Amino acid sequence: MYVQIKQATFQYDNAKEMTIKDFSLEIAKGEIISILGDSGSGKSTMLRIMAGLEVPTGGTMLVNGKIMFNDHHFVAPENRGIGMVFQDYALFPHMTVGKNIQYGLRKISKEQKQQRLNEMLALVNLTDFRDRYPYELSGGQQQRVALARALAPSPSLLIFDEPFSNLDAKIQVQIRDDLRKILKQTGITSIFVTHDQKDAKALADRIVFLNNGIVERIITPDKI
Ligand SMILES: Nc1ncnc2c1ncn2[C@@H]1O[C@H](COP(=O)(O)OP(=O)(O)OP(=O)(O)O)[C@@H](O)[C@H]1O
């Protein structure tokens, strides 16, 4: 399997009990996974562990055969090759769409950067918006810029934390469908955190139910 997480556990320093008690999941290459659960169930915490923003208490994680963490190793976030999209998109306000998307591209020539930018703009359908600033875009367009920025360095895995929560309901449905198409087109493996069953159902190949830090069940969307 492309992503293998085994028995991950985690406890915040100031917490009385473990926030992640037992999280195991295997993901095939190109698969889209949604993690669904109530507020406080540990969804964001688990994403932060995958990204390397929290150090787990136990367990292992491999991506494409490479260790991200186990009892002996911990790979820093910047060396994991994992892309992230958060709910507030976190675009740089003083940078154009083009500069935002190119931000994470290092160690490649100017020509290659330009080419990658053009590919990403076409992918998210924003070719004519390259020189605009984030404040000149709609929420849905900003979300697509954030997606393009995360995809540009060709991450091995892309993770999303509640990516639709700032968008109004009508745009949410549109973005959801666009996003699934784009992700399937690029073949990238991705994980979404959401508390909305409709999002999970529309987007995911499989849905993981997280309850109080434990993976309760994993099902396909037609079983909801
Ligand atoms: N920095 C922290 N220190 C201590 N406890 C924390 C910290 N961050 C989160 N928690 C606690 O860990 C638990 C899980 O939080 P987490 O944010 O992972 O849940 P969630 O499922 O993503 O919730 P939501 O849907 O509301 O975002 C909660 O009880 C929360 O209060």
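Everything numeric in this text was worked out from a predicted model, so none of it was measured. (Residues numbered from 1 in each chain as written. Predicted model: local features only at pLDDT ≥ 70, side-chain atom pairs only at ≥ 80, totals over all residues.)

1. So, the site of the ligand
Stage number 1. If you check the shell around the ligand, you find 13 residues, and the closest are Tyr 12, Ser 39, Lys 43, Ser 44 and Thr 45.
Stage number 2. Grouping the amino acids of the shell around the ligand by side-chain chemistry returns two nonpolar, ten polar and one charged. (Near = placed C-beta within 6 Å. Nonpolar A, V, L, I, M, F, W, Y, C, P; charged D, E, K, R; others polar.)

2. Focus on the domain arrangement of the protein
Stage number 1. Assigned domains of the protein: these are domain 1 (1-80 + 157-224) and domain 2 (82-154).
Stage number 2. Averaged C-alpha coordinates put domain 1 and domain 2 at centres separated by 23 Å.
Stage number 3. Facing 20 residues of domain 1, the contacting portion of domain 2 comprises 15 residues.
Stage number 4. Within the residue set of the side of domain 1 that touches domain 2, elements represented by two or more residues are α1 (43-51), β7 (157-161) and α5 (169-186).
Stage number 5. Grouping the constituent residues of the side of domain 1 that touches domain 2 by class yields 13 nonpolar, four polar and three charged. (Domains from an automatic or database assignment. Contact = placed C-beta atoms within 7 Å. Helix = DSSP H or I, 4+ residues; strand = E, 2+ residues; numbered from the N terminus.)

3. A word on α5
Stage number 1. Between the first and last C-alpha of α5 there are 26 Å, a value that for 18 residues agrees with the 26 Å anticipated at 1.5 Å per step.
Stage number 2. Turning to α5, its buried residues number three or more, namely Gln 172, Ile 175, Arg 176, Leu 179 and Leu 183. In a view along the axis of α5, the buried residues occupy a sector of 110 degrees, so they form one face of it. For α5, the exposed residues set more than 90 degrees away from the buried face come down to Lys 170, Gln 174, Asp 177, Lys 181 and Gln 185.
Stage number 3. Considering only its buried residues, α5 is in contact with β3 (32-36), α4 (139-151), β8 (190-194) and α6 (197-203).
Stage number 4. At the exit of α5 stands Gly 187, carrying a positive phi of roughly 75 degrees. (Expected span 1.5 Å × (residues − 1). Buried ≥ 20, exposed ≤ 12 C-beta atoms within 10 Å, placed from the backbone. Arc of directions from axis to C-beta.)

4. Some details on the pairing of strand β4 (residues 58-63)
Stage number 1. Bridge analysis of strand β1 (residues 3-10) against β4 gives five bridges, and the strand direction is antiparallel. In the strand pairing of β4, Lys 6 is matched with Thr 60.
Stage number 2. Examined bridge by bridge, β4 and strand β5 (residues 66-69) share three bridges and lie antiparallel to one another. Following the sheet pairing, Leu 62 is matched in β5 by Ile 67.
Stage number 3. Taking the residues between adjacent antiparallel strands as the criterion, β4 and β5 are bridged by two residues, where Asn 64 takes a positive phi near 50 degrees. (Pairing = 2+ DSSP bridges.)

5. Some points on the packing of α4 against α5
Stage number 1. Put simply, α4 and α5 touch, their axes get as near as 11 Å, and they point 20 degrees apart. Between α4 and α5, the interaxial angle falls into the category roughly parallel. Where α4 crosses over α5, the handedness of that crossing is right-handed. Taking contact as the criterion, the partners of Gly 139, Gly 140, Gln 143, Leu 147 and Leu 151 in α4 are, on α5, Ile 171, Gln 174, Ile 175, Leu 179, Ile 182 and Thr 186.
Stage number 2. Here the contact of α4 with α5 is built from residues that sort into six nonpolar, five polar and no charged. (Axes fitted to C-alpha atoms, helices over the stretch in contact; angles between N-to-C directions. Parallel < 35°, antiparallel > 145°, perpendicular 65-115°, else oblique. Left-handed = near helix turned anticlockwise from the far one by under 90°.)

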